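# Reading the structure
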Amino acid sequence: MNRTQKSAWFLLGGAVLALSFMGLFYAAIFAPGDKRVGIEAVKFSVGLLAVYTVVGLVLVFRRQSPAEPESDERDKTIQKNAAIACFVSVWASLALSSLIPSLVVGRAGSIPVFLLAIINLIILQIAFLVYGIAVLVQYGRAGKGDAS
């Protein structure tokens, strides 16, 4: 597995962890009653995310063997195509994030300003998910094509 694939797995796992962390955190914020109920879960999630980040970065940048190439033309093409898919997903997510609040609260309604930052963080994690999936799908498709 080369660095591009390891990076894609790292982004994919990190995005899933971050989205689950954000879900727990926002559930704790918006839950009625005592706000301290979800604090332990949030603390655990932050710790898990920190450990995942440190261990993941070490594994991504560690070479499996001295003969492992940095990257080749195929890797660069896969990264370019994944970046295009990621860019398209950001635009689609931004369009939906502009449309959905008006459908939920109506044309005359309003949303708190801090939700805009939350929406942007969620869009960032969706972009990471799309990029990681696009890279892994392209490697999987190329591997099957080489075997036949």
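Residues numbered from 1 in each chain as written. Predicted model: local features only at pLDDT ≥ 70, side-chain atom pairs only at ≥ 80, totals over all residues. Heavy atoms only, no water.

Bringing the environment of Gln138 into the picture now. With respect to the helices and strands, Gln138 occurs in helix α4 (residues 114-147). Taking the C-alpha atoms as reference points, Gln138 and Asp75, separated by 63 residues in sequence, lie 9.8 Å from one another. One polar contact links Gln138 to Asn81, side chain to side chain, over a distance of 3.3 Å. (Helix = DSSP H or I, 4+ residues; strand = E, 2+ residues; numbered from the N terminus. Polar contact = N/O pair within 3.5 Å; in protein donor to acceptor, adjacent residues only side chain to side chain.)

Moving on: a nonpolar patch on the surface. There is a patch of nonpolar side chains on the surface, built from Leu96, Leu99, Ile100, Leu103, Val104, Val105, Ile111, Val113 and Leu116 and spanning about 840 Å² of accessible area. Residue contributions to the nonpolar patch peak at six residues, all from helix α3 (residues 73-105). Within the element layout of this structure, Val105 appears in helix α3. Val105 sits in the partly exposed class, given a relative accessible area of 35%. (Patch = residues over 30% accessible without salt bridge, like charges linked within 9 Å, V, L, I, M, F, W, Y side chains within 5 Å. Areas by Shrake-Rupley, 256 points an atom, 1.4 Å probe, with all protein chains shown as cover. Salt bridge = Lys/Arg side-chain N within 4 Å of Asp/Glu carboxyl O. Buried < 20%, exposed > 50% of the residue type's maximum accessible area, 1.4 Å probe, protein only.)

Glancing now at helix α1 (residues 3-30). Look at α1: 39 Å from first C-alpha to last across 28 residues, which is about the 40 Å you get at 1.5 Å a residue. Where α1 begins, the capping side chain belongs to Asn2, and its oxygen is found 3.2 Å from the backbone nitrogen of Thr4. (Expected span 1.5 Å × (residues − 1).)

What follows concerns the packing of aromatic side chains. Using the criterion set out here, one finds two aromatic pairs in the structure. Measuring from ring centre to ring centre gives 5.4 Å for Phe10 and Tyr52, while their planes differ by 5°; the resulting arrangement is stacked. One end of the pair, Phe10, is in helix α1; the other, Tyr52, is in helix α2 (residues 39-61), with 42 residues separating them in the sequence. Note on Phe10: relative accessible area 19%, which makes it buried. Residues Phe87 and Trp91 carry aromatic rings whose centres are separated by 6.0 Å and whose planes lie at 75° to one another, so their mutual orientation is edge-to-face. With Phe87 and Trp91 both in helix α3 and four residues apart, this pair spans about one turn of that helix. (Phe/Tyr/Trp six-rings, centres within 6.5 Å; stacked < 30°, edge-to-face > 60°.)

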